[in-house]
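Topology and contacts: notes
So the chains spell out like this:
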Amino acid sequence: MHPIERLLISPCFLLITLVCVAVFGSLVVKICSPSNRFWRISDFCALLFTCLGILGVVKDSRPIFYEREYYKCQKRIESVYKWRLMSNFNESIYCQDFIENECSPSNFKAKQEDYNLTCQWIKEYKEYFFECYSNKKPINTDSISYPELQSSDLILKYYFNNMRHCITDYNKDIAQLREYKQGSQTNTYELYYIILSPLFLVIGLGWKFVKFFTWH
């Protein structure tokens, strides 16, 4: 670690800086006898440094909350969509051949063809859906083509409607997950600002001590 970085995170260095600003500032003020204009400008600078320090401390807590929400969202995705995907891509429910008899409906062949198309659709997209789920990637809805059903089978209609809702909900949660992940990460400029914020706060407070010791 660089020596300057060690100093910036050292409580002793910050305390010494506070004492130095207060002591040397008080000596300079007693020697120079500054005007009211100087006090107004210096007070403004001290308040500015203090505000920068406080904002840095507050900013440091942001990644903590984002990281907490990230893991909560990730846990929800893993618990909810694993079950939904396993249920929706169960081939044994839709990949079956029906036996035609005298009680079969008039559109028996159309229904059988719809189930065959559904079975083919499941086999075609099953691996892609689980790959997206495993890697926490959004599902590209433009790459998914739904079969055109010839019959009015309510089970199949409900299945594909449920799949559309499942994809929409999943993509929303993945977008939220990425937002939380991005918010929990700190770029270089934010990192240095967070590191320097205690120093800003110490300088601002130190100058307020100067005014306290020298103000008449």
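Description of the structure in this document. (Residues numbered from 1 in each chain as written. Predicted model: local features only at pLDDT ≥ 70, side-chain atom pairs only at ≥ 80, totals over all residues. Heavy atoms only, no water.)

**A word on the pattern of salt bridges**
- On inspection of all chains with the given rule, the structure shows seven salt bridges.
- As a salt-bridge pair, glutamate 78 and lysine 136 come within 3.8 Å of each other at their nearest N and O atoms. Here lysine 136 lies in the loop between α5 (108–135) and α6 (154–184) and glutamate 78 lies in helix α3 (residues 36–88), a separation of 58 residues in the sequence.
- Notably, a salt bridge pairs arginine 84 with aspartate 169, separated by 3.6 Å at the nearest N-O pair. Placement of arginine 84 in helix α3 and of aspartate 169 in helix α6 is noted, with a sequence separation of 85 residues between them.
- Residue aspartate 169 is classed as partly exposed on the basis of its relative accessible area, which comes to 31%. (Salt bridge = Lys/Arg side-chain N within 4 Å of Asp/Glu carboxyl O. Helix = DSSP H or I, 4+ residues; strand = E, 2+ residues; numbered from the N terminus. Buried < 20%, exposed > 50% of the residue type's maximum accessible area, 1.4 Å probe, protein only.)

**With respect to the layout of surface pockets**
- As a volume, the largest pocket reaches approximately 160 Å³.
- Mapped onto the lining of the largest pocket, the elements with two or more residues apiece are α3, α4 (91–94) and α6.
- The class makeup of the residues in the lining of the largest pocket is six nonpolar, three polar and one charged. (1 Å grid on protein atoms, 1.4 Å probe; cavity = no way out; pocket = protein on both sides within 12 Å on 5 of 7 lines; lining within 4 Å. Points joined across faces, edges and corners; volume = space filled by probe spheres on them. Nonpolar A, V, L, I, M, F, W, Y, C, P; charged D, E, K, R; others polar.)

**Quick word on the packing of α5 against α6**
- At a closest axis distance of 12 Å, the pairing of α5 and α6 adopts a crossing angle of 15°. The orientation of α5 with respect to α6, classified from their angle, is roughly parallel. The chirality of how α5 crosses α6 is left-handed. Within the contact between the two elements, α5 uses Asp114, Tyr115, Thr118, Trp121, Ile122, Phe129, Cys132 and Tyr133 and α6 uses Ile155, Leu156, Tyr159, Phe160, Met163, Ile167 and Tyr170. (Axes fitted to C-alpha atoms, helices over the stretch in contact; angles between N-to-C directions. Parallel < 35°, antiparallel > 145°, perpendicular 65-115°, else oblique. Left-handed = near helix turned anticlockwise from the far one by under 90°. Contact = heavy atoms within 4.5 Å.)

**A word on the state of the cysteines**
- By the definition in use, this model includes one disulfide.
- One disulfide bridge connects cysteine 95 with cysteine 119, the sulfur atoms lying 1.9 Å from each other. The sign of the S-S torsion, about 100°, decides the handedness of the disulfide formed by cysteine 95 and cysteine 119: right-handed. With cysteine 95 in the loop between α4 and α5 and cysteine 119 in helix α5, this pair connects stretches of sequence that are 24 residues apart.
- With a relative accessible area of 26%, cysteine 95 lands in the partly exposed category. (Disulfide = S-S within 2.5 Å.)

**As for the nonpolar core**
- Formed by 26 residues in total, the largest nonpolar core has its most connected members in Ile77, Phe89, Trp121, Phe129 and Tyr170.
- Elements that contribute at least two residues to this core include exactly α3, α5 and α6.
- Among the elements that make up this core, the one with the highest residue count is α6 (10 residues).
- Ignoring sequence-local partners within four residues, the contact set of tryptophan 121 consists of Phe89, Ile144, Ser145, Tyr146, Pro147, Tyr159, Phe160 and Met163. (Core = buried A, V, L, I, M, F, W, Y, C linked by side-chain atoms within 4.5 Å.)

**A few points about unusual backbone geometry**
- Despite not being glycine, lysine 136 has its phi angle at roughly 55°, a positive value.
- Looking at lysine 136, the relative accessible area reads 16%, which means it is buried.

**Quick notes on α5**
- With 28 residues, α5 ought to run about 40 Å at 1.5 Å a step, and its terminal C-alpha atoms sit 40 Å apart, in line with that.
- Phi turns positive one or two residues past the end of α5, at lysine 136, with a value near 55°. (Expected span 1.5 Å × (residues − 1).)

**Concerning the side chain of threonine 118**
- Mapped onto the elements, threonine 118 comes out in helix α5.
- For threonine 118, a relative accessible area of 0% translates into the label buried.

**As for a nonpolar patch on the surface**
- A cluster of nonpolar residues, Leu15, Val19, Val23, Phe24, Leu27 and Ile31, forms a patch on the protein surface that exposes about 610 Å² of accessible area.
- For isoleucine 31, a relative accessible area of 70% gives the class exposed. (Patch = residues over 30% accessible without salt bridge, like charges linked within 9 Å, V, L, I, M, F, W, Y side chains within 5 Å. Areas by Shrake-Rupley, 256 points an atom, 1.4 Å probe, with all protein chains shown as cover.)

**Here we look at the packing of aromatic side chains**
- Across all of its chains, the model carries 17 aromatic pairs by this definition.
- When the centroid spacing of 5.4 Å and the interplanar angle of 80° are considered together, the rings of tryptophan 121 and phenylalanine 160 count as edge-to-face. Placement of tryptophan 121 in helix α5 and of phenylalanine 160 in helix α6 is noted, with a sequence separation of 39 residues between them.
- Of the residues examined, tryptophan 121 reaches a relative accessible area of 3% and is grouped as buried.
- The exposure class of phenylalanine 160 is buried, given its relative accessible area of 4%.
- Measuring from centroid to centroid gives 6.1 Å for tyrosine 128 and phenylalanine 129, while their planes differ by 90°, and the two rings are edge-to-face.
- On the basis of relative accessibility, which here comes to 25%, the residue tyrosine 128 falls in the partly exposed class.
- The ring of tyrosine 146 carries arginine 164 above its face, with NZ or CZ at 4.1 Å from the centroid. (Phe/Tyr/Trp six-rings, centres within 6.5 Å; stacked < 30°, edge-to-face > 60°. Lys NZ or Arg CZ within 6 Å of the ring centre and 35° of its normal.)

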